[in-house]
Amino acid sequence: METDVRLAERFDTDRGHLRAVAYRMLGSLDEADDAIQETWLRASRTDIGEIANVTGWLTTIIGRVCLDMLRTRRRRGEELTAEPVSATPSGADPEEEAVLAESVGLALLVVLDRLGPAERVAFVLHDLFAVPFTDIAAILERTQVAAKKLASRARQRVHGTPAVPAADLERQREVVGAFLAASRAGDLEALLAVLAPDVVRRTDRVAPGGEGEVRGARRIAEETRTNTARARVAALALVDGEVGLVVAPRGRLLLILRIEVDGDRVTSVDVIGDPARLGGFRIALAQGAGR
């Protein structure tokens, strides 16, 4: 009885940590809470009297739970990123999940969603929570060498490989970052300052009454400043090795914006929203660019 009370108290203390681990591995607040519940059920069957590091032990359990959930999701062919972004999670507060996604990093959640289950678990546990490879290997039922290789492969995919020289990449970050900031603020003058006079915007999903292609800085600036809500859920990312934007409400990929830059101006914006096309792009973090 005393041991049960001690475990319950410790579990409540570690709940925030466990939720953070599960959310990064699953990308869904609902699923993270389900993982916490399952972790408690598994942990409560064990006498913790001989366990020296209870937090580490609980982290190992939730790692196994999340790995099982990711594998089940993959077997069923489920893709969280393909869910309609207007859909409300069954139990989670959409606003809470949006805030959590922003705090984690929208681009990071998009990239993590593209990793295989074992890669995702290895990367999240080691690189984000400093879990030793001895524990990760046990969770994955692999050798330490194999666990390290999985984390390394995931790390390479998360950080990506630039397709342009470092100086060009930094210039792209600055220009695309300025475009994003002006878009979020709905600042017409700032948008006009960063858009080339003959800039073109193309989209593969045209709304009723909309246009697949729009030309001219003022038209695009006026169109952009009316859509600050979309800009607020956008983040810089590497798209096929160059800096672009991902639009990802609650971390679910909705749109990719491929952006061409010439000097200090944006010359074209290609908006990709077709689900059949979204999976064909290599998405990675735009290092040093923030969220």
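Residues numbered from 1 in each chain as written. Predicted model: local features only at pLDDT ≥ 70, side-chain atom pairs only at ≥ 80, totals over all residues. Heavy atoms only, no water.

## A few points about the overall build of the chain
Put simply, the rule reads: For helices the rule is a DSSP run of H or I covering at least 4 residues; for strands it is a run of E covering at least 2, with both sets numbered from the N terminus onward. Where accessible areas are quoted, they stem from the Shrake-Rupley method and a 1.4 Å probe; at the residue level, only the protein chains shown are allowed to cover. When charges are counted, neither His nor the chain ends are considered; positive counts come from Lys and Arg and negative counts from Asp and Glu. Note on charges: their place is set at NZ of Lys, CZ of Arg, CG of Asp or CD of Glu.
Counting secondary structure elements, the chain contains 13 helices and seven strands. Here the chain has roughly 14,100 Å² of accessible surface; of this, 49% comes from carbon and sulfur atoms. Across the chain, the 40 positively charged side chains and the 44 negatively charged ones have centroids separated by 4 Å.

## Examining the sheet that holds strand β6 (residues 265-272)
We apply this condition: The rule for pairing is simple: two strands pair if DSSP sees at least two bridges between them. Here an angle of 0 to 180 degrees is reported between the N-to-C directions of two axes, which are lines fitted to C-alpha atoms, with helices fitted over the stretch in contact. Throughout, a residue-residue contact means that at least one pair of heavy atoms, one from each residue, lies within 4.5 Å.
Strands sit in the order β2-β1-β6-β5-β4-β3-β7 across an open sheet of seven strands; the sheet is mixed. Among the strands making up the open sheet, the edge pair consists of β2 (213-215) and β7 (283-285). Sheet twist, expressed as the mean angle between neighbouring strand axes with direction ignored, is 30°. Here strand β1 (residues 195-203) runs beside β6; their pairing, made up of five bridges, is parallel. For Leu195, the partnering residue across the bridge sits in β6 and is Val266. Sitting on the sheet, helix α9 (residues 166-185) touches β1, β3 (234-239), β4 (242-247), β5 (255-262) and β6, and the angle it makes with β4 is about 25°. Where helix α11 (residues 217-225) meets the sheet, it contacts β1 and β2, and its direction lies at approximately 60° from that of β1.

## Regarding the confidence of the model for the chain
Which entries qualify depends on this criterion: pLDDT expresses how confident the predictor is about each individual residue, on a scale running from 0 to 100.
Taken over all residues, the pLDDT of the chain has a mean of 91, while the share at 70 or more is 92%. In the predicted structure, residues 80-89 sits below a pLDDT of 50 and forms 21 contacts with residues beyond four places in sequence or in another chain.

## Remarks on the nonpolar core
Condition: Only buried Ala, Val, Leu, Ile, Met, Phe, Trp, Tyr and Cys residues count toward a nonpolar core, and they belong to the same one when joined by side-chain atoms within 4.5 Å. Each residue is assigned to one of three classes by its accessible area relative to the maximum for its type, calculated with a 1.4 Å probe on protein chains only: buried under 20%, partly exposed between the two thresholds, exposed over 50%.
Ranked by internal contacts, the top residues of the largest apolar core, which has 63 residues, are Trp57, Leu140, Ile256 and Ile283. Ranked by residue count, the leading element in this core is helix α3 (residues 54-75), at nine residues. Apart from the residues lying within four places of it in its own chain, the contact partners of Trp57 are Leu7, Ala43, Thr46, Ile48 and Ile51. Among the nonpolar cores identified, the runner-up in size contains 32 residues, and Val176, Phe179, Leu245 and Leu255 belong to it.

## Digging into the pattern of salt bridges
Here is the rule: Only one rule defines a salt bridge in this text: a Lys or Arg side-chain nitrogen within 4 Å of an Asp or Glu carboxyl oxygen.
Applying the stated criterion across every chain, the model contains 24 salt bridges. With a shortest N-O distance of 3.0 Å, Arg173 and Glu170 are connected by a salt bridge. One end of the pair, Arg173, and the other, Glu170, are both in helix α9, three residues apart, so they sit about a helical turn from each other. Residue class for Glu170 comes out partly exposed when judged on its relative accessible area of 36%. Residue Glu213 is joined to Arg215 by a salt bridge in which the shortest nitrogen-to-oxygen separation is 3.0 Å.

## Considerations on the packing of aromatic side chains
Threshold: Only centres within 6.5 Å qualify two rings of Phe, Tyr or Trp (six-membered ring in Trp) as a pair; their planes then separate them into stacked at under 30 degrees, edge-to-face at over 60, and tilted for everything else.
Scanning the entire structure with this criterion turns up one aromatic pair. Ring centres of Phe11 and Trp40 lie 5.2 Å apart, and the angle between their planes is 65°; this geometry places the pair in the edge-to-face category. Linking Phe11 in helix α1 (residues 2-26) with Trp40 in helix α2 (residues 29-43), this pair joins segments that are 29 residues apart in sequence. Judged by relative accessible area, Phe11 falls into the buried class, the value being 2%.

## Some words on the UniProt feature "domain: RNA polymerase sigma-70 region" (unreviewed entry) in the chain
What counts is decided by this rule: UniProt positions are given in the numbering used here, feature names are shortened, and annotations may be inferred rather than shown by experiment.
Residues annotated by UniProt as "domain: RNA polymerase sigma-70 region" (unreviewed entry) correspond here to residues 15-76. The distance separating the terminal C-alpha atoms of residues 15-76 is 29 Å; by composition the span is 79% helix and 0% strand.

## Examining the packing of helix α7 (residues 133-140) against helix α8 (residues 144-159)
The condition that has to hold: When describing relative orientation, an angle under 35 degrees is termed roughly parallel and one over 145 degrees roughly antiparallel, while 65 to 115 degrees is termed roughly perpendicular and anything else oblique. Lys, Arg, Asp and Glu make up the charged group, whereas Ala, Val, Leu, Ile, Met, Phe, Trp, Tyr, Cys and Pro make up the nonpolar group; the residues left over, Gly among them, are polar.
Between α7 and α8, the least distance of the axes is 8 Å, while the angle of their chain directions is 95°. Considering their axes alone, α7 and α8 lie roughly perpendicular with respect to each other. Contact residues: Phe133, Thr134, Ile136, Ala137 and Leu140 in α7; Gln144, Ala147, Lys148, Leu150 and Ala151 in α8. Among the residues forming the contact of α7 with α8, the class breakdown is seven nonpolar, two polar and one charged.

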